[in-house]
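For reference, the chains in residue letters:
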Amino acid sequence: MPKSHRSSDLPLPFEPRTLAPSPECVTPRVWMRRLTVVRSLVAEGTEILRDVWLRRGLNIVWARPAESGALVDDLLHGHAAGKTTFCRLLRYVLGEPCVGTELFQASVRARLPRAWVLAEVCLPGEDWLVARPLDVDSSSRAFATQGTTIDTLLARSDPAQQAGTFEDFLGALSASATLPTSQAIPWSHLLQWSARDQEARFAGIDRWRDPSSESGVERLTDDGRQQVMRSVLMLMGQRETEARTEERAAGTAKSATKEKLAVLHSKVASDLETLEALEAEGQAKSTPQAPDSRWSGDNVISLAEMRTRRDHEDPSVLSQKVSEARARARHAAEKRAQEAKDYSREQGRFEELTKKTFDPPPPSKYCPQLLVDARRVGCPLLKEQIQPSIDFESRRSENTAKKEVEDLKQEIERRRKLTESARAEEERLEGEAKHLESLLQASITSWGEKQRSLIEEEGRQAKLAQARSKLAASKQELKECEDLADALSKQMKSAHSTRMKEMEERSPQLRYLSDLFSDVVQYLLGVRVKGEMKVSSGGVINLHIFEQGERTSLALTTLKVLAFDLLALVAFVEGKANFPGLLIHDSPREADLDQRIHERLFSFATKLEQLFRDAPPSFQYIVTTTAPPPADLQKLPYLVLEIGAATPAERLLRVNL
């Protein structure tokens, strides 16, 4: 076993009298008096697996390593001795959602399905008993009550009888965790800092929870954790908080506005380009060479003038004339057809009449012989043929017929002339109709072109008006956005000025904390080493260690974290920090910390206790370790729990998980 020093042998770089406990902080805002794990809350099944009494001041949980040469079965099984589990139990009863990882919870459900963790938690002026089942799935059965001890609870037949809700306890815890005169900070945030994850390995002052711990807590941003620490250390007041919130909100809005400005500049350029293209199109149409040069003039004529010229060539009037001409042509055609019909009828009558009048009637007696032969032989019929008798009645009918024929010939001639005249009129009217139709077609074409041009121009004018309106709206939106950006810049500048002024007003507190940090570092590393705390303009706490120049290493990073936490604890004792007065460090030695520095952590706490002389310290510091603490601290009242991993009985929960 490594040699251990006595804590009283270690020098303190400042006299205890230089530290003055504040009369306003005579007790921690939160501290644990007792932690008990039972196998079951049922009276007949109650078995206390582990019962740990804690105190104000230093509390050491030591997982003593196995003796040299001893056989330890399955040392890597479960969670070894249970140091981290002990810290997780403390965090669990103080409101953290999960008591361990999924693997741990599965092991608990398998081996300790009805186990509970009980705690006596002390707040200023009120003591609470808190009970939560280790099975997180049954956490709704958790309860808490005031003025009751664990012994009283276990003596009841029904432990949960007349118990209050766990939420009641959390409400009281949140109300008591911070000083009444200080800026309120959610307890869940304070707990993450005052009880760091062992998995976080003390990697930074704002590294509180590691995802691998599966704690289930709200994960704060880096900036959020910095604000919590500065608020706790009274480096940040309500004014700065509000100014910082305002500055951040204005900055976020300005970033969004800058992105919007870029979009709007592009939009205005695009709208302007569209408008210029439409205007150029209008100018092109006004030139004599343009297809629409029929709209004569040096400039594009107005839409009203275009409508007037289009209406002037309205083909409806000409269309009516065409209809009338076509009707006249049809009438002439009908008349010509009727005249032709009449002419044809009279011509037929003439042919019929002339046939009857001029064809001699056939003889009553007909001889087939030639007239020469008849004369030569003295045919009696020849005499009758040559010397016909005179028929005066027939002579009168023949004259009448001839006159009728002559009259009919004149009528036929008249009808012929009428027919030809009708045909000529028809052809004239048909030509007139065709001419009007050609004019109508030209008018329709011209009107259609003007109508199309008018529609195109109306569309272009509408687009032009829309483009102008759109450009005006874009410019207006751009101006409003620029005005907003200017206003946000002024708001950011004002908020930043307020924040810087507030930070400047807090500079005495920063100097106090920086000096205190240097004292803690000197105690842990030696009087030749100095420490310094700074706060950047962005509100980030930075820690520095100097020894012939600034020193940095992984081990020093761990030491900075530990010294920073102790600084917060001391500042609370002096009434100059809003820390809850409870600090839990889980295995700092395992975070690559030198054994001598590790021992000085314990001695620092005992030196701090000495400031209170016979009064109980106003802080509680719980440390788990595998490395041995100083020899004079390896006993009560400092060593509150000793566990091991050699056998299940030595483990925290007395089973292998």
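Worth saying up front: this structure is predicted, and the values here are computed from it rather than measured. (Residues numbered from 1 in each chain as written. Predicted model: local features only at pLDDT ≥ 70, side-chain atom pairs only at ≥ 80, totals over all residues. Heavy atoms only, no water.)

Colleague: With reference to specific residues and values, describe the packing of aromatic side chains.
Modeller: Evaluation of the coordinates by the stated rule reveals 8 aromatic pairs. With a centroid separation of 5.1 Å and an interplanar angle of 75°, the aromatic rings of W193 and F579 are classed as edge-to-face. In this pair, W193 sits in helix α5 (residues 187–194) while F579 sits in the loop between α14 (554–573) and β10 (582–586), placing the two residues 386 residues apart along the sequence. Among the residues examined, W193 registers a relative accessible area of 0% and is labelled buried. Accessibility expressed as a relative area gives 0% for F579, which makes it buried. Taken together, the aromatic side chains of W193, W208, F564 and F579 make up a single cluster linked through ring pairs. Directly above the ring of Y512 sits K576, whose terminal nitrogen or CZ lies 4.3 Å from the centroid. (Phe/Tyr/Trp six-rings, centres within 6.5 Å; stacked < 30°, edge-to-face > 60°. Helix = DSSP H or I, 4+ residues; strand = E, 2+ residues; numbered from the N terminus. Buried < 20%, exposed > 50% of the residue type's maximum accessible area, 1.4 Å probe, protein only. Lys NZ or Arg CZ within 6 Å of the ring centre and 35° of its normal.)

Colleague: I'd love a proper account of the pattern of salt bridges, names of residues and values included.
Modeller: This model, assessed by the stated rule, comprises 42 salt bridges. Between R414 and E411 there is a salt bridge, with the nearest N and O atoms lying 2.5 Å from each other. With a gap of 3 residues between them, R414 and E411 both fall in helix α12 (residues 392–505), about one helical turn apart. By relative accessible area, R414 is classed as partly exposed at 39%. In this structure E411 comes out as partly exposed when scored by relative accessible area, which is 22%. Residues joined in a network through salt bridges with shared partners are R33, R34, D51, E120, D127 and D151. (Salt bridge = Lys/Arg side-chain N within 4 Å of Asp/Glu carboxyl O.)

Colleague: Give me the lowdown on the side chain of T148, citing residues and values where you can.
Modeller: Residue position: T148 is located in the loop between β6 (143–146) and α3 (150–155). Those residues in contact with T148 that lie beyond four places of it in its chain are L129, L153 and R156. (Contact = heavy atoms within 4.5 Å.)

Colleague: Before we move on, can you summarise the pairing of strand β5 (residues 126–133) with the specific residues and values?
Modeller: Burial runs high along β5: 6 of the 8 residues are buried. The sheet contact formed by strand β4 (residues 116–123) and β5 spans 8 bridges and is antiparallel. Of the residues in β5, the one forming a bridge with E120 is L129. The turn joining β4 and β5, which pair antiparallel and follow one another in sequence, is formed by 2 residues; a positive phi near 80° is taken by G125. Of the pairings in the sheet, the one linking β5 to β6 comprises 4 bridges and is antiparallel in character. Paired with A131 across the two strands is F143, which belongs to β6. (Pairing = 2+ DSSP bridges.)

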